[in-house]
Amino acid sequence: MSTLDFEIIRNENPVSAEDRAGILADPGWGQHFTDHMITIRYHKTKGWHDAKLQPYGPITLDPAAQVLHYAQELFEGLKAYRQADGSVVMFRPFANAARMNTSAKRMAMPEIPEEVFVEALELLVSTDRDWVPTTEGHSLYLRPFMFATTRLLGVNQPADEYLFMIIASPSGNYYARGIKPVTVWLSQDYTRAAPGGTGAAKTGGNYAASFAGQAQAVAHGCDQVVWLDAVEHRWVEEVGSMNLMFVYGSGAQPRILTPALTGTLLPGITRDSMLTLAPDLGIQVEEGKINIDEWQHGCESGELTEVFGCGTAAIISPVGAVKGADRAWTIGDGEPGPISMRLREELIGIQFGRRPDPYNWVHKVV
Ligand SMILES: *Cc1c(COP(=O)(O)O)cnc(C)c1O
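Residues numbered from 1 in each chain as written. Predicted model: local features only at pLDDT ≥ 70, side-chain atom pairs only at ≥ 80, totals over all residues. Heavy atoms only, no water.

## Side note on the domain arrangement of the protein
Point 1. Looking at the protein, the domain boundaries give domain 1 (7-171) and domain 2 (182-351).
Point 2. Each of domain 1 and domain 2 has a C-alpha centre, and the two are 28 Å apart.
Point 3. Listed as interface residues are 22 residues of domain 1 and, on the opposing side, 20 residues of domain 2.
Point 4. Both faces considered, domain 1 and domain 2 share a buried interface measuring about 1700 Å² in area, 57% of it formed by carbon and sulfur atoms.
Point 5. Between the two partners, domain 1 and domain 2, sit 1 salt bridge.
Point 6. The residue R92 makes a salt bridge to D272 at a minimum N-O spacing of 2.9 Å.
Point 7. Secondary-structure elements contributing two or more residues to the side of domain 1 that touches domain 2 are β4 (73-75), β5 (78-82), β6 (88-91) and α3 (93-106).
Point 8. In terms of residues, the side of domain 1 that touches domain 2 owes the most to one element, α3, which gives 5 residues. (Domains from an automatic or database assignment. Contact = heavy atoms within 4.5 Å. Buried area = accessible area lost by both parts, 1.4 Å probe. Salt bridge = Lys/Arg side-chain N within 4 Å of Asp/Glu carboxyl O. Helix = DSSP H or I, 4+ residues; strand = E, 2+ residues; numbered from the N terminus.)

## A closer look at the site of the ligand
Point 1. Taken together, 14 residues lie around the ligand, and K202, Y207, E238, T270 and T312 are the ones closest in.
Point 2. Between the ligand and the protein, one listed contact pairs a nitrogen atom with a side-chain N or O atom of E238 at 2.5 Å.
Point 3. One of the side-chain N or O atoms of T270 is found 2.6 Å from an oxygen atom in the ligand.
Point 4. Contributing elements (two or more residues each) for the shell around the ligand: β12 (242-248) and α7 (269-280).
Point 5. Of the residues contributing to the shell around the ligand, the split by class is 4 nonpolar, 6 polar and 4 charged. (Near = heavy atom within 4 Å. Polar contact = N/O pair within 3.5 Å; in protein donor to acceptor, adjacent residues only side chain to side chain. Nonpolar A, V, L, I, M, F, W, Y, C, P; charged D, E, K, R; others polar.)

## Observations concerning the state of the cysteines
Point 1. This model, assessed by the stated rule, comprises 0 disulfides.
Point 2. Among the cysteines around C222, which has no disulfide bond, C299 carries the closest sulfur, lying 15 Å off.
Point 3. Here C222 falls in the buried class, since its relative accessible area comes to 5%. (Disulfide = S-S within 2.5 Å. Buried < 20%, exposed > 50% of the residue type's maximum accessible area, 1.4 Å probe, protein only.)

## Let's talk about the environment of K44
Point 1. By secondary structure assignment, the location of K44 is in the loop between β2 (36-43) and β3 (47-55).
Point 2. When its relative accessible area of 58% is taken as the criterion, K44 is described as exposed.

## Things to note about a nonpolar patch on the surface
Point 1. Side chains of I59, L61 and L68 sit close together on the surface and give an oily, nonpolar patch of about 250 Å² of accessible area.
Point 2. Turning to its location among the elements, L68 is positioned in helix α2 (residues 66-70). (Patch = residues over 30% accessible without salt bridge, like charges linked within 9 Å, V, L, I, M, F, W, Y side chains within 5 Å. Areas by Shrake-Rupley, 256 points an atom, 1.4 Å probe, with all protein chains shown as cover.)

## Some remarks on helix α1 (residues 17-25)
Point 1. Taken as a whole, α1 has its buried residues at R20, I23 and L24. Each buried residue of α1 lies within a common arc of 95 degrees when the element is viewed along its axis, so the set occupies one face. Counted as exposed and oriented over 90 degrees from the buried face of α1: E18 and A25.
Point 2. Elements in contact with the buried residues of α1: β8 (161-171). (Arc of directions from axis to C-beta.)

## Notes on the pattern of salt bridges
Point 1. Under the defined criterion, the tally for this structure stands at 15 salt bridges.
Point 2. Of the charged contacts in the structure, one is a salt bridge between R99 and E76, with a shortest N-O distance of 2.8 Å. Placement of the pair is R99 in helix α3 and E76 in the loop between β4 and β5, with a sequence separation of 23 residues. For the pair R99 and E76, a shared accessibility class is recorded, and that class is buried.
Point 3. Notably, a salt bridge pairs D293 with R327, separated by 2.9 Å at the nearest N-O pair. One end of the pair, D293, is in helix α8 (residues 292-301); the other, R327, is in strand β17 (residues 327-330), with 34 residues separating them in the sequence.
Point 4. What makes R327 buried here is its relative accessible area of 19%.
Point 5. Linked through salt bridges whose partners overlap, the residues forming this network are E136, E345 and R354.

## Describing the nonpolar core
Point 1. Core analysis: the biggest nonpolar cluster contains 41 residues, and I40, M90, L142 and F164 have the highest contact counts within it.
Point 2. Top element by residues in this core is helix α4 (residues 114-127). It accounts for 7 residues.
Point 3. Excluding residues within four positions of it along the chain, F164 makes contact with I38, T39, I40, W48, M100, I112, F117, P144, F145 and M146.
Point 4. Counting residues in hydrophobic clusters, the runner-up holds 24 residues, among them Y175, V226, L244 and V307. (Core = buried A, V, L, I, M, F, W, Y, C linked by side-chain atoms within 4.5 Å.)

## Some thoughts on the packing of aromatic side chains
Point 1. Following the criterion strictly, the structure yields 13 aromatic pairs and no others.
Point 2. With 5.2 Å between their ring centres and 10 degrees between their planes, F33 and Y56 make a pair best called stacked. Residue F33 is located in the loop between α1 and β2, and its partner Y56 is located in the loop between β3 and α2; the two are separated by 23 residues in the primary sequence.
Point 3. On the accessibility criterion, Y56 (33% relative accessible area) is partly exposed.
Point 4. Measuring from ring centre to ring centre gives 6.0 Å for F145 and F147, while their planes differ by 25 degrees; the resulting arrangement is stacked. With respect to burial, F145 and F147 carry one shared label: buried.
Point 5. Taken together, the ring pairs in this structure connect Y42, W48, F117, Y162 and F164 into an aromatic cluster.
Point 6. The ring of Y248 carries R255 above its face, with NZ or CZ at 4.5 Å from the centroid.
Point 7. Above the ring of W235, the side-chain terminus of K289 is found at 4.1 Å from the ring centroid. (Phe/Tyr/Trp six-rings, centres within 6.5 Å; stacked < 30°, edge-to-face > 60°. Lys NZ or Arg CZ within 6 Å of the ring centre and 35° of its normal.)

See the structure below:
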């Protein structure tokens, strides 16, 4: 099966053009939603069916719906970008489709055909195309997600029924007031993911489990939490909900090290894009391991020059300083470094159509 017939139910009361313009002038992040959404149902015997584009709004769930009790859920995140000629593209939607299916396998949920996933995104984005911001740096954030709807308190089996949905939210420039490096907290009390667990799946439970660590980071005056490995508590894995990149050297021979995908890290599409892009800009890349002592000593010796987090929301988020229970240090001079900014500029350039796209990452919608 590669396509589904979508029933189209137009929103009879869309947000007025005037109100929409007001929202798009300052969309913030994840607070406003477009006029429509996608819903597709799954049943074990029927497969994927009942595909709809319909007005954005609340849904009803049985109080015993499995997701509310056992968190059988997963999600994705990608963006649609306005190009200079007015057209709209999505960035690497097939990579999100593939990752959603990898997450689905881990969460014992049904896989969705990649073509259906991308077709549903295209339908929503083309219908709500007026919601794709025209301001440079702004975009339409797309949030596909899926959860178990079966009425079932039995704990020994995955659900038979699921709802897949996509909603869309205009998003502003993460760094509207200039790029400000974050200060990060080394969490040694909490871990995000353990070997054999769900760290590589984009599932809500990983986030629920991370809030306490994030709150601790904030309590220590930091912006984000650095997740260390669950066994030795010293190997660096991720920062907040971003992958981490360590830049060594500068000038002619820069090199990037990023923690390898060991199963406890989320395989970011921005991470993958950086690993593809950097060598073409003369920056060597390596997937490996780095512990907190190596991180600290690298910064102190000057060998480690920049560190940044990367993910769809912020694209690149420079890390300026690190704090932990027994240590603290700064990275370089604490300001965004040239390699981080160059990579950011290249990737954003491809997304907004200002740079050539030799990798075929941008997917034209309308
Ligand atoms: C989504 C996510 C990322 C970044 O993935 P992108 O595809 O680059 O947006 C990194 N870490 C975690 C924990 C995530 O959930």
